[in-house]
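Spelled out, the chains give:
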Amino acid sequence: QLQLVESGGGVVQPGGSLRLSCAASGSIWGSYSMGWYRQAPGKQRELVARVTADGTPTYADSVKGRFTVSRDSLKNTVSLQMNSLKPDDTALYYCNVQITLAAGTVTNYWGRGTQVTVSS
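Please read all numbers here as calculations on a predicted model, not as lab measurements.

K.L.:
So what's going on with the state of the cysteines? Residues and values would help.
P.N.:
Scanning the model with the defined rule gives 1 disulfide in all. A sulfur-sulfur separation of 2.0 Å characterises the disulfide bridge that pairs Cys 22 with Cys 95. Its S-S torsion of about -85 degrees marks the bond between Cys 22 and Cys 95 as left-handed, since a negative value means left-handed. Of this pair, Cys 22 sits in strand S3 (residues 18-25) while Cys 95 is found in strand S9 (residues 91-100), placing the two residues 73 residues apart along the sequence.

Shown next, in the form of structure tokens:
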């Protein structure tokens, strides 16, 4: 069973920066992406950024130019550098690993989440 542990959340003023980290423990078989989702109160969970198995990053339009996602496939870690934070970035941020097997089966694993609050 894959376990994901996030760290790095907190409270920051608008315009500030935070760095989130996630470490995956356990065996991972197949092609997999690693990334981050977030969920604000009363809203659906949404993709923030992820890196595919071949290293291609994808970002939500709302964070492009401000956030940078990176992964270390040897260590099975993924990080999210968040700059120029806005109050709208306030949410619970979840680490995600999505595994795609050769047969096309997709399995998602989630961390417990780390809170990011942007407030003056």
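K.L.:
Outline the nonpolar core, supporting the account with residue identities and numerical values.
P.N.:
Of all hydrophobic cores here, the largest spans 31 residues; its most connected members are Trp 36, Leu 80, Met 82 and Tyr 93. Those elements that place two or more of their residues in this core are S3, strand S4 (31-39), strand S5 (46-51), strand S7 (67-72), strand S8 (77-82), S9 and strand S11 (114-118). Setting aside its immediate chain neighbours within four residues, Met 82 contacts Gly 16, Ser 17, Leu 18, Leu 20, Arg 66, Phe 67, Tyr 93 and Val 116.

K.L.:
Can you tell me about the side chain of Glu 6, naming the residues and giving the values?
P.N.:
The topology assignment puts Glu 6 in strand S1 (residues 3-7). A polar contact of 2.9 Å, which involves the side chain of Glu 6, links it to the backbone nitrogen of Gly 113. Contact partners of Glu 6, with chain neighbours within four places excluded, come to Ser 21, Cys 22, Trp 36, Tyr 93, Tyr 94, Cys 95, Gly 111, Arg 112, Gly 113 and Thr 114.

K.L.:
Tell me about the pattern of salt bridges, residues and numbers included.
P.N.:
All told, the structure shown has 4 salt bridges when counted by the stated rule. Here Asp 61 and Lys 64 are joined by a salt bridge, their closest N and O atoms 3.1 Å apart. Accessibility expressed as a relative area gives 65% for Asp 61, which makes it exposed. Exposure remark for Lys 64: the relative accessible area of 51% places this residue in the exposed category.

K.L.:
Tell me about the side chain of Asn 96, residues and numbers included.
P.N.:
Mapped onto the secondary structure, Asn 96 falls in strand S9. Here Asn 96 falls in the buried class, since its relative accessible area comes to 1%. A polar contact of 3.4 Å, which involves the side chain of Asn 96, links it to the backbone oxygen of Tyr 109. Discounting chain neighbours no more than four positions away, the residues touching Asn 96 are Leu 4, Ser 33, Met 34, Gly 35, Tyr 37, Asn 108, Tyr 109 and Trp 110.

K.L.:
Give me the lowdown on the layout of surface pockets, citing residues and values where you can.
P.N.:
Taken as a whole, the largest pocket encloses approximately 200 Å³ of empty space. Along the walls of the largest pocket sit 14 residues, with Arg 38, Ala 40, Lys 43, Glu 46 and Asp 88 positioned nearest its centre. Classifying every residue of the lining of the largest pocket by side-chain character gives 3 nonpolar, 4 polar and 7 charged.

Rules of the game
Residues numbered from 1 in each chain as written. Predicted model: local features only at pLDDT ≥ 70, side-chain atom pairs only at ≥ 80, totals over all residues. Heavy atoms only, no water. Disulfide = S-S within 2.5 Å. Helix = DSSP H or I, 4+ residues; strand = E, 2+ residues; numbered from the N terminus. Core = buried A, V, L, I, M, F, W, Y, C linked by side-chain atoms within 4.5 Å. Buried < 20%, exposed > 50% of the residue type's maximum accessible area, 1.4 Å probe, protein only. Contact = heavy atoms within 4.5 Å. Polar contact = N/O pair within 3.5 Å; in protein donor to acceptor, adjacent residues only side chain to side chain. Salt bridge = Lys/Arg side-chain N within 4 Å of Asp/Glu carboxyl O. 1 Å grid on protein atoms, 1.4 Å probe; cavity = no way out; pocket = protein on both sides within 12 Å on 5 of 7 lines; lining within 4 Å. Points joined across faces, edges and corners; volume = space filled by probe spheres on them. Nonpolar A, V, L, I, M, F, W, Y, C, P; charged D, E, K, R; others polar.

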